[in-house]
Amino acid sequence: MRILQVGFGTVGQSFAELLSNRRDDLVSRFGINPKVVGIVDSRGGVIDPKGLDLEGVLEVKRKKGTVGAYLDKGLKGLRVAEAIKEVEAEVMVESTPTNVMTGEPGLSNIEAAFKEGLHVVTTNKGPLALALPALAELAEHNRVHFLFSGTVGGGTPILDFGRKCLSTDHILAIKGILNGTSNFILDQMEECGCEYDVALRKAEEQGYSEEDPSLDVDGWDTASKLVIMANWLMGREVTLANVEVKGIREVTREDVRAAARRGRSVKLVGSIADTMEVKPEEVDWTDPMCVRGVMNAVRFTSEFAGDETVAGRGAGGMETASAVLRDILEVRERLARG
Ligand SMILES: NC(=O)c1ccc[n+]([C@@H]2O[C@H](COP(=O)([O-])OP(=O)(O)OC[C@H]3O[C@@H](n4cnc5c(N)ncnc54)[C@H](OP(=O)(O)O)[C@@H]3O)[C@@H](O)[C@H]2O)c1
């Protein structure tokens, strides 16, 4: 299987490391030998139809900042659209930054790949939050597979659990703590008794928060994940416009203290029932969904199985790369099944 990687940051590089370290294991356990034949970042690309030396490319990226500087095969200024047309690959792994306002550049990358007949595995929530129903239709129209396990819960198989383990059940509702940064901030407010601004600074110091934290703390990251789950697991055709969103900026130290007196923690909770909403809510300490730090937890309520909670680390380069690899194996299985 030949892979074109678009985006070579934390997730993209972790995926390349994972492939490089696990090559023997992938051949012996799964009979698959994936070859990365092209990689593109924001400043250039590198192409080798025989398969790139991933360790060499990772070193160049670390030292020179772009894969376009790779020896004789690097192409400075190579654009994603050109790579999609030129590189002969079966799968595109898309891991460019999430933009929930426009979906770009991921949206155009994914559409272009579908049109060229490439299967797509993405970790980018932006295009899905804005246009998942349309993208799923376009994939079907072009007879390609479209998988995105890493968009919800990082490496924790939340989408896979809902889709596969509950395939014979009927999911009635989903509720979850889906944003590690907000959870860390609220946790700090509870543990140290500090106000929101101080807890946000701690999240920044520990590298859990972006320079612009609004995607996390204003609830849009959680809302995007709800949209993905509602479409993919519950068959609803919804986008971000259907979610009522309230973040955690107005949560005070007193709110957190009052909740603690009742044996509860304030959490940023995303829920899908008749409607979809994101808002701070009190969660009982005995509830398995009451996870700490940057953990994620999702409770599925289904007709026959009742309540089940899946919890795990919600982000991280290697964790998310493992979800990408799962999706690649799934594409291979689906192709084998015809
Ligand atoms: N990190 C996580 O734990 C995690 C977990 C789950 C999902 N995700 C999602 O996965 C995606 C990637 O995350 P990340 O942490 O790897 O982000 P990142 O470190 O910021 O990497 C983004 C990559 O995309 C490249 N890029 C940006 N604009 C581009 C363009 N126009 N054309 C080609 N390449 C472009 C960047 O190029 P340069 O290298 O040249 O800057 C960089 O290589 C995001 O959508 C994120 O929300 C991340």
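See the structure shown above.
These numbers were taken from a predicted model, which means no experiment stands behind them.

### What to know about the sheet that holds strand E9 (residues 243-245)
So, point 1. Spatially, 6 strands are ordered E9-E11-E10-E8-E12-E13 in an open sheet, and the strand pairing comes out mixed. Across the chains shown, the open sheet's two edge strands, defined by having one partner strand only, are E9 and strand E13 (306-313). The mean angle between the axes of side-by-side strands here comes to 30°, regardless of whether they run parallel or antiparallel.
So, point 2. Taken together, the 9 bridges between strand E10 (residues 264-272) and strand E11 (residues 276-284) define a ladder with antiparallel strand orientation. Considered in E11, the bridge of Lys267 is made with Glu281.
So, point 3. Relative to the sheet, helix H7 (residues 180-192) contacts strand E8 (171-177), E10 and strand E12 (295-302), its axis offset from that of E10 by approximately 160°.

### Observations regarding the pattern of salt bridges
So, point 1. For the structure shown, the criterion picks out 28 salt bridges.
So, point 2. Ionic pairing is found between Asp187 and Arg292, a salt bridge with its closest N-O pair at 2.9 Å. Placement of the pair is Asp187 in helix H7 and Arg292 in the loop between E11 and E12, with a sequence separation of 105 residues.
So, point 3. Overall, Asp187 belongs to the buried group, its relative accessible area being 4%.
So, point 4. Given the relative accessible area of 34%, Arg292 is considered partly exposed.
So, point 5. The salt bridge involving Arg262 is made with Glu282; its shortest N-O contact spans 2.7 Å. With Arg262 in the loop between helix H11 (253-261) and E10 and Glu282 in strand E11, this pair connects stretches of sequence that are 20 residues apart.
So, point 6. The class for Glu282 is partly exposed, based on a relative accessible area of 32%.
So, point 7. In this structure, a network of salt bridges that share partners links the residues Lys175, Glu277, Lys279 and Glu281.

### Notes on the site of the ligand
So, point 1. Neighbouring the ligand are 21 residues; Ser42, Lys61, Thr98, Thr123 and Gly316 lie closest to it.
So, point 2. A distance of 3.0 Å is found between an oxygen atom of the ligand and a backbone nitrogen or oxygen belonging to Thr10.
So, point 3. Between Thr96 and the ligand, the recorded distance is 2.8 Å, taken from a backbone N or O atom to an oxygen atom.
So, point 4. A total of 900 Å² of accessible area belongs to the ligand in isolation, and the protein chains cover 73% of it.
So, point 5. Considering only residue class, the shell around the ligand consists of 6 nonpolar, 12 polar and 3 charged.

### Considerations on the nonpolar core
So, point 1. Counting residues in hydrophobic clusters, the biggest one holds 70 residues, and the most contacted among them are Phe146, Ile174, Ile185, Met229, Leu233 and Phe300.
So, point 2. The element contributing the most residues to this core is helix H10 (residues 220-234), with 9 residues.
So, point 3. Setting aside anything within four residues of it in sequence, one finds Ile174 in contact with Met229, Leu233, Met234, Gly270, Ser271, Ile272, Val298, Arg299 and Phe300.
So, point 4. In this structure, Leu58, Val121, Leu147 and Val331 belong to the second largest nonpolar core, which totals 29 residues.

### Some points on the packing of aromatic side chains
So, point 1. If you walk through the whole model with that rule in mind, you get 5 aromatic pairs.
So, point 2. An aromatic cluster is present here, built from Phe114, Phe146, Phe148 and Trp232 joined pairwise through their rings.

Thresholds, definitions, all that
- Residues numbered from 1 in each chain as written.
- Predicted model: local features only at pLDDT ≥ 70, side-chain atom pairs only at ≥ 80, totals over all residues.
- Heavy atoms only, no water.
- Pairing = 2+ DSSP bridges.
- Helix = DSSP H or I, 4+ residues; strand = E, 2+ residues; numbered from the N terminus.
- Axes fitted to C-alpha atoms, helices over the stretch in contact; angles between N-to-C directions.
- Contact = heavy atoms within 4.5 Å.
- Salt bridge = Lys/Arg side-chain N within 4 Å of Asp/Glu carboxyl O.
- Buried < 20%, exposed > 50% of the residue type's maximum accessible area, 1.4 Å probe, protein only.
- Near = heavy atom within 4 Å.
- Polar contact = N/O pair within 3.5 Å; in protein donor to acceptor, adjacent residues only side chain to side chain.
- Areas by Shrake-Rupley, 256 points an atom, 1.4 Å probe, with all protein chains shown as cover.
- Nonpolar A, V, L, I, M, F, W, Y, C, P; charged D, E, K, R; others polar.
- Core = buried A, V, L, I, M, F, W, Y, C linked by side-chain atoms within 4.5 Å.
- Phe/Tyr/Trp six-rings, centres within 6.5 Å; stacked < 30°, edge-to-face > 60°.

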